[in-house]
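# Descriptive analysis of the structure
For reference, the chains in residue letters:
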Amino acid sequence: MIYVIDSPEHPLNVTAAAEGLRASVVSVPVADWGDALTPWPAPALRPGEKDFGGQADETLALLAEALDAAPGPHAVCGYSLGGLFALYAFVREPRLAACACLSGSVWYEGWVNWLRENAPDCAGRYAYFSVGRKEKRAGLPFRHVEEDLAACVEILRAHGCRVGVTLGPGSHMQHVTERLSAGLAALDSVLTAG
């Protein structure tokens, strides 16, 4: 079962992206993107915007209930802040065999250091990352997204994780369905292998 973090604020075309997969794919809607998917509170990116709420643990608890209700193996996938949450959930929830962090917000304040200090033994697990070549051109804090992603890859590999990485075309909001499709395909091949 692949759980795709989704939101009415930023809907993904999950049906099109999941076409032809062998694993079941379930959309997991979240109510408030900036609160539900962030691991701890952080200031907004721009003046006048709402600060990030840091309520990922509550969302993770709901995901854990879903894992309890369905036989494994399980994977989680997300885009942007959903990608950050997918990686956070993967680190915190050992029942997740795999994750896909698509154009993930790994630039989030304190994220790389947190991952460095909290990454578990990932032997037998898989993480897939993708990012658009132009995403780093969006200015701070996105300017370092490729470096931060490379740091995440290095940390997970050092903890025994198999990792796939794709550097694709476009900026953050381009090629979204294609990135989602590639991420789901990677997870599908891991979950249905053997």
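Before reading on, note that the structure itself is shown above.
Residues numbered from 1 in each chain as written. Predicted model: local features only at pLDDT ≥ 70, side-chain atom pairs only at ≥ 80, totals over all residues. Heavy atoms only, no water.

## A word on the overall build of the chain
Put simply, the test is: Helix numbering and strand numbering both begin at the N terminus, where a helix is a DSSP run of H or I of at least 4 residues and a strand a DSSP run of E of at least 2. Only protein chains enter the area calculation, which uses a 1.4 Å probe; residues under 20% of their type maximum are buried, those over 50% are exposed, and those in between are partly exposed. Every residue pair with non-hydrogen atoms within 4.5 Å of one another is taken to be in contact. The Shrake-Rupley method, run with a 1.4 Å probe, gives the accessible areas here. Residue values count only the displayed protein chains as cover.
Across its full length, the chain holds 7 helices and 6 strands. Along the chain, helices and strands appear, N-terminal first, in the series β-α-β-α-α-β-α-β-α-β-α-β-α. Each of the 194 residues in the chain was classed as buried or not, and the buried ones make up 52%. Partitioning the intrachain contacts of the chain with sequence separation of at least 6 by distance along the chain shows that 66% fall at a separation of at least 24. Accessible surface, the chain: about 8,900 Å² in total, of which carbon and sulfur atoms supply 53%.

## Things to note about the nonpolar core
Keep this limit in mind: Residues belong to a common nonpolar core when they are buried Ala, Val, Leu, Ile, Met, Phe, Trp, Tyr or Cys residues joined through side-chain atoms within 4.5 Å.
Residues Leu-87, Trp-111, Leu-115, Phe-129 and Leu-156 are the most contacted members of the largest nonpolar core, which totals 47 residues. Going through the elements one at a time, β1 (2-6), α2 (33-36), α3 (56-69), α4 (81-92), β4 (96-102), α5 (111-118), β5 (126-132) and α6 (145-158) are the ones with two or more residues in this core. The element contributing the most residues to this core is α4, with 9 residues. Residues contacting Leu-156, with those up to four places away along its chain left out, are Leu-87, Leu-115, Cys-122, Ala-127, Phe-129, Cys-161 and Val-163. If you look at the next biggest cluster of nonpolar residues, it comprises 22 residues, including Val-4, Ala-18, Ala-100 and Leu-102.

## Regarding the environment of Ser-24
The residue Ser-24 is located in the loop between α1 (14-17) and β2 (25-29) in this model. A sequence separation of 22 residues divides Ser-24 from Ile-2, and the C-alpha atoms of the two residues are 6.1 Å apart. Those residues in contact with Ser-24 that sit more than four places away from it in its chain are Met-1 and Ile-2.

## What about the packing of α3 against α4?
How we decide: Orientation is described by lines fitted to C-alpha atoms, with helices fitted over the stretch in contact, and by angles between N-to-C directions that extend from 0 to 180 degrees. We call two directions roughly parallel when the angle between them is under 35 degrees, roughly antiparallel when it is over 145, roughly perpendicular when it lies between 65 and 115, and oblique otherwise. In this scheme, a crossing is called left-handed if the near helix is turned counterclockwise away from the far one by less than a right angle; it is called right-handed if the turn is clockwise. Each residue is assigned to one class: nonpolar for Ala, Val, Leu, Ile, Met, Phe, Trp, Tyr, Cys and Pro, charged for Asp, Glu, Lys and Arg, and polar for all the others, Gly among them.
Running from N to C, α3 and α4 cross one another at 65°; their axes reach a closest spacing of 11 Å. If you check the angle between α3 and α4, you find them roughly perpendicular. Seen along the crossing, α3 lies across α4 with a hand that is right-handed. Counted together, Ala-56, Asp-57, Thr-59, Leu-60 and Leu-63 of α3 and Phe-85, Tyr-88, Ala-89 and Arg-92 of α4 form the full contact between these two elements. Tallied by class, residues from the contact of α3 with α4 come to 6 nonpolar, 1 polar and 2 charged.

## Some thoughts on helix α7 (residues 176-191)
Test applied: Expected helix span is taken as 1.5 Å per residue step, with the number of steps being one fewer than the number of residues.
The end-to-end C-alpha distance of α7 is 22 Å, a good match for the 22 Å that 16 residues give at a rise of 1.5 Å each. For α7, the complete set of buried residues consists of Val-176, Arg-179, Leu-180, Gly-183, Leu-184, Ala-186, Leu-187, Asp-188 and Leu-191.

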